[in-house]
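# A look at the structure
Here are the chains, one letter per residue:
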Amino acid sequence: MTATVPKPEELREQGNQAFKQGKYQDAIDRYTDALTVLLELSLSETAKNDLTKCYSNRSQCYINLNQYEDAIEDATRALEYTPADQKSLYRRANAFERLGKLNEAISDAQRLISIAPKDGSGDEQTNLLLRKLRENAQSKHTQQTQLTSQIQQMFEAVRSNTNSEAALNNLLVISREDAGAEGILTFDSELKLIIEFMKQTEHIILLGTTRVLASLVKNSYKRAELIYLKLGLPPIARCLAMNDADIPASAAVLLHNMIMSMCDLENRRKIRKPTNVPFNFDQSVIDFINNTFRMLIGLIDDKTCSGIGRDCALDLVVKFVDRANGCNWVNKFVVSGVPKVLRVASTVPDLTDNDIKPYPITEQTKMHVSCVLSVVYHDLCSDQEREEFNTECMEFIKALRAKDDVQSRVRTISVLAVLLQGPFDTGNTILGSQNLVDLMIQMAGSDDVVQQRIAVEAIVLSASKKDKAAGILSQGADILKNLYQSANEDIQVLALVGLSKIASSKGTDASGSIVAEGSCQTLGRACCKFLTTSDRFDIRRWSADGLAYLTLDADVKEDLADNSLALKALFSLCQCQDAHVLYSLTTILVNLTNTYDVHKPDKEMTELATYAKQHIPKEHPKDDKSFFDERRRKLVEAGVIPVLVQLCKHKSENCREQIARVFLGLCENEKHRGVIVAGGGAKALLPLALEGTPTGIIKATQALAKICITTNPEIAFPGQRMLELVRPIIKLLKPDRTALENFEALLALTNLASIGESIRRRILKEDGFSSVEQYMFEEHPMLRRAATECMCNLVVQEEVVKYFTSENDRIKLLVLLCGEEDESLIRAALGTLAVLSSLQADIEYIKDLNLEDDERRRLNNLINENRIICRKILDVQSFAEIFKHLCACNNPDLQFRALYIVRNIVQANKDFATRVVETDLMDILFAMKEIKDENLVNEKNQKLASDIVQLCLKYGLIQRNKEQTK
């Protein structure tokens, strides 16, 4: 038998019901199903009418979900079938208005007035909308005029070089809003002034202009295309190549934003697709991509380009070269880019060579080259592509080896070190096939410091992955031990870092070690000695690098946590700007606090490994919770909070993730939270929760939630910060987050919702109601309780009441929760019902006052909503049974809340009181009224019971003699 296809009117009605319940996405799905059926039918008048209703209703759903473009599209489709449909016109005008397209909104409103009946109920509403739109349009015009005047003044200030820095900063602020960005490009439509500024050499003007341009092109294809076509890439390349601390970085941000906008990568990356399938770009975008990457490769290979600029170019290649999430330029880069970045990798600044002019590089350049090569290699999809990559690298090494002199040998091992740090498999293959192990050993044994240093770097990097380089570990360790005895302090410390890396290659596994027991502690003490006694920054930096590896060992953690001088020396490094040092410092803090991810092996796999006599990692006893809790306490006492706050200013997302991990670990102890707030940690955490890696955002948000649970939010997050806190915390209320994260987010929102109206409105604006409500259906009792407690605080807000008065089972759920066994859950559910049902009682005293029409209308709406809620409570089949038990229970607080709700229902109107009188509840109320023993019923609860009886008496529903029965 074939399945019966639902009729379109049935599907539309299902959509209507979902809409009334506030389930807008479900409603959209039902309307879409109805449209699918209708579009296959012949286009009769009935079909046109149904199509109009479905498109128009779906448009309203999109409006409620803030998807205004989709709303306009659907309203327009509805008007194609019924051009005079008033609802569709009103909804499209509404959507236009919310998008800021006031002229279009006014046009629709005017048309609506012209076709609407003059005595119609919607006529007044439409006139109000039109009046509002005209006022907004006038206000917008005035603002635009003022904005244009401001922009003109700013440009004139820059041209005349009078306070140009302040003028450019003001332009930057203006450009961050769409209206401001459009205003700037309208004023300088041909970009003549901006091009003039970009040709200048003055630092302030160049830096300010690139920052403004970066803001203009962000999230706008139209503006990015205009600037690309009018300005071109050469001025950006000129800025990137400059030997300046700020301008190349600013130019890199400009190019980054331009690529993101031109290629629409932010939206494209949200699409699920196989990683080996590239994005499909238009030809104009492909031309832009080709020109951009050719420019970047040119800069990388340009010896007049500064080291900072080269790093920026390499970083842009890393971000956009791949096919999985970028511009699909990998195959072209293997041919035209790999040889050039390998030439940069072969640069050794200290190497004397009169024949070859070196590339200007920074300390981070080779790391950037490694990242580029790694990204390119891992994006290759086939064995043939990887073979071509390996061949390019192999041929480059062979060309270097062809001239067997000191310079060539040093460059060869320098390139090898970069490959081992990036595409390790390629480097390891070359290491074996070209017999480079002997060359490294030969160079390490020479008297030349440059050769020793390059050899040590390569040995350390080749030992990075012990499972793939076990063959040279023992030889490498022996070489490093010899070099550790060097008279040259630089070589000595570098060898120490290498030994530290080899010693720590076991990770946190206490059972596996390739060095003698206690060696990690010995090396750790040596690092601490260099750290505390040397005045040279380089020595201290390398010492921190060694400790970053060694602190994976629990014994080293304990020694370092007890070494106050070493901690102080480490903390002092947080003031530097060296990204590598700061990452080493954050890594040490993560290791000391045990806030790294721990992947515990599956029990069945462990048993299988034991049976097969395979190695099973074991946790060090000093990595137990009691030990790392004590280490965290020592760090807090040593002053780690100001250090973490300072580190938060670092731009690296990976560093910021590490900091968020440490903060979260410290926040696990409630005693540390006050110290964190006092030290500025709460303020520093907020940016980490808004921007960074996905893991970093989650960790920072969870730390904020913990602070919010136990600390008054008004103290921890004064002013605007409380509002900014809402969005990240609500993002923890997702099914893919852990139950603990969900639970703590609910507790934090409960605390925030109790603060005031502005916070509750922000929670609602961020879709907090539905996010909280979903957990009221959870099986886990603690999640259900926390969600209900949060809802109890949210229902104080007037707007929330509407969620309960529409056709849904929300009130029924609350009544049923009152019948659960968990007293805390019952208290929260009763509290929510008490607030919802008390509206009528709270406004009773003002209903006879002489009120304005709007106030009277609002009052009537509140009374009506209150009656709906009271009726819904009574309509629950088990209401009487549940409340009978609650009114007779031994818990005075629960008893009070239950009586308060019953009192509100009886007070709402006589019909509700009649329904209450008809239940067994009255017998309990009569009995409570007469009880004299305060141990059974307290005075407050007895008064409530008496009030309910008196109300029933007033309605004439009970007789006085019955009421006075002893």
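Going by the annotation in an unreviewed UniProt entry, the name recorded for the protein chain is Protein unc-45 homolog B, with Adineta ricciae given as the source organism.

Let us now look at the overall build of the protein chain. Scanning the protein chain from terminus to terminus reveals 56 helices and zero strands. The buried share among the 966 residues of the protein chain stands at 51%. Residue pairs in contact within the protein chain that sit at least 24 positions apart in sequence constitute 69% of those at least 6 positions apart. For the protein chain, the exposed surface amounts to about 46200 Å²; the carbon and sulfur share of it is 49%.

The next point concerns the side chain of N866. Note that N866 resides in helix α50 (residues 853–875). A polar contact is formed between the side chain of N866 and the backbone oxygen of S837, at a distance of 2.8 Å.

Quick look at unusual backbone geometry now. The phi torsion at N328 lies on the positive side, around 60°, for a residue other than glycine. Within the secondary structure, N328 is located in the loop between α17 (307–320) and α18 (330–336). Of note, the phi angle at N594 is positive, near 55°, even though the residue is not glycine. Position of N594 among the secondary structure elements: in the loop between α32 (579–593) and α33 (603–611).

Moving on: the environment of V158. Tracing the backbone shows V158 in helix α7 (residues 121–159). The sequence separation of V158 and F197 amounts to 39 residues, and the corresponding C-alpha distance is 8.3 Å. With residues near it in sequence (within four places) discarded, V158 still touches S164, A167, L168, F197 and I205.

Annotation from UniProt places "repeat: TPR" (unreviewed entry) at residues 52–85 and 86–119. Split by type, residues 52–85 is 79% helix and 0% strand. Its first and last C-alpha atoms lie 8 Å apart.

So, on to the nonpolar core. If you look at the biggest cluster of nonpolar residues, it comprises 276 residues, and the most contacted ones within it are L240, M258, F333 and F883. For L240, the residues in contact, after removing those within four places along its chain, are P248, A251, A252, L255, M295, L296, L299, C305, S306, G309 and C312. Counting 13 residues, the second largest nonpolar core, distinct from the first, contains A27, Y31, Y62 and Y68.

Counting across every chain of the model gives 46 salt bridges. In this structure, the salt-bridge partner of R632 is E668, at a minimum N-O distance of 3.0 Å. Linking R632 in helix α34 (residues 625–638) with E668 in the loop between α36 (653–667) and α37 (670–678), this pair joins segments that are 36 residues apart in sequence. Residues R661 and E657 are paired through a salt bridge, measuring 3.1 Å at the closest nitrogen-oxygen approach. Of the two residues, R661 and E657 both sit in helix α36, four residues apart, roughly one turn of that helix. The exposure class assigned to R661 is buried, which follows from its relative accessible area of 7%. Note on E657: relative accessible area 16%, which makes it buried. One network of salt bridges, with partners in common, ties together R58, E73, D74 and R77.

Moving on, we come to the packing of α32 against α36. It is the contact of α32 with α36, at a shortest axis distance of 9 Å, that shows an interaxial angle of 25°. Put simply, α32 runs roughly parallel to α36. Classified by chirality, the crossing of α36 by α32 is left-handed. Facing α32, whose interface residues are A579, L582, Y583, T586, T587, L589, V590 and T593, α36 presents N654, C655, Q658, I659, R661, V662 and L666. Within the contact of α32 with α36, the residues separate by chemical class into nine nonpolar, five polar and one charged.

Turning next to the environment of V497. Structurally, V497 is set in helix α27 (residues 489–503). Separated by 51 residues in sequence, V497 and A548 place their C-alpha atoms 9.5 Å apart. Those residues in contact with V497 that sit more than four places away from it in its chain are W542, D545, G546 and Y549.

So, on to helix α52 (residues 892–908). Along its 17 residues, α52 runs 24 Å from first to last C-alpha, staying within 8% of the 24 Å computed at 1.5 Å per residue. The buried fraction of α52 is high, at twelve of 17 residues. Regarding α52, the residues found buried are L894, Q895, A898, L899, Y900, I901, V902, R903, N904, I905, V906 and A908. The N-cap of α52, judged by a side-chain oxygen 3.0 Å from the amide nitrogen of D893 a few residues on, is N891.

Before going further, it helps to spend a moment on the packing of helix α16 (residues 283–300) against α17. Two elements in contact, α16 and α17, have axes separated by 9 Å at closest approach and are oriented at 140°. Between α16 and α17, the angle is such that the two are oblique. Our pair here, α16 against α17, has a crossing hand that is left-handed. Every residue of α17 that contacts α16 at F293, L296, L299 and I300 is listed here: R310, A313, L314, L316, V317 and F320.

Conventions adopted
Residue positions are given per chain, counting from 1 as you read along its sequence in written order. Two thresholds apply to this predicted model, a pLDDT of at least 70 for residue-level local features and 80 or more for giving and counting side-chain atom pairs, whereas whole-chain, interface and lining totals are computed over all residues. Each side-chain value is derived from all of the structure's non-hydrogen atoms; neither hydrogens nor water enter the calculation. Helix numbering and strand numbering both begin at the N terminus, where a helix is a DSSP run of H or I of at least 4 residues and a strand a DSSP run of E of at least 2. Only protein chains enter the area calculation, which uses a 1.4 Å probe; residues under 20% of their type maximum are buried, those over 50% are exposed, and those in between are partly exposed. The criterion used for residue contact is that any of the two residues' heavy atoms lie within 4.5 Å. Surface exposure here means Shrake-Rupley accessible area, sampled with a 1.4 Å probe, where a residue is shielded only by the protein chains that are shown. For the purposes of these results, a polar contact is taken to be a pair of N or O atoms within 3.5 Å, where, inside protein, one atom must be able to donate a hydrogen and its partner to accept one; residues adjacent in sequence count only when each atom of the pair is a side-chain atom. UniProt positions are given in the numbering used here, feature names are shortened, and annotations may be inferred rather than shown by experiment. Only buried Ala, Val, Leu, Ile, Met, Phe, Trp, Tyr and Cys residues count toward a nonpolar core, and they belong to the same one when joined by side-chain atoms within 4.5 Å. Take a side-chain nitrogen of Lys or Arg and a carboxyl oxygen of Asp or Glu: if they are within 4 Å of each other, that pair is a salt bridge. Each axis is a line fitted through C-alpha atoms, and for a helix only the stretch in contact is used; angles between axes span 0 to 180 degrees, taken between their N-to-C directions. With respect to orientation, any angle under 35 degrees is reported as roughly parallel, any angle over 145 as roughly antiparallel, any angle of 65 to 115 as roughly perpendicular, and every other angle as oblique. Working rule for handedness: look at the near helix, and if it is turned counterclockwise from the far one by less than a right angle, call the crossing left-handed; if clockwise, right-handed. Basically, the charged four are Asp, Glu, Lys and Arg, the nonpolar ten are Ala, Val, Leu, Ile, Met, Phe, Trp, Tyr, Cys and Pro, and anything else, Gly included, counts as polar. By definition here, a helix of n residues has an expected span of 1.5 Å times n minus one.

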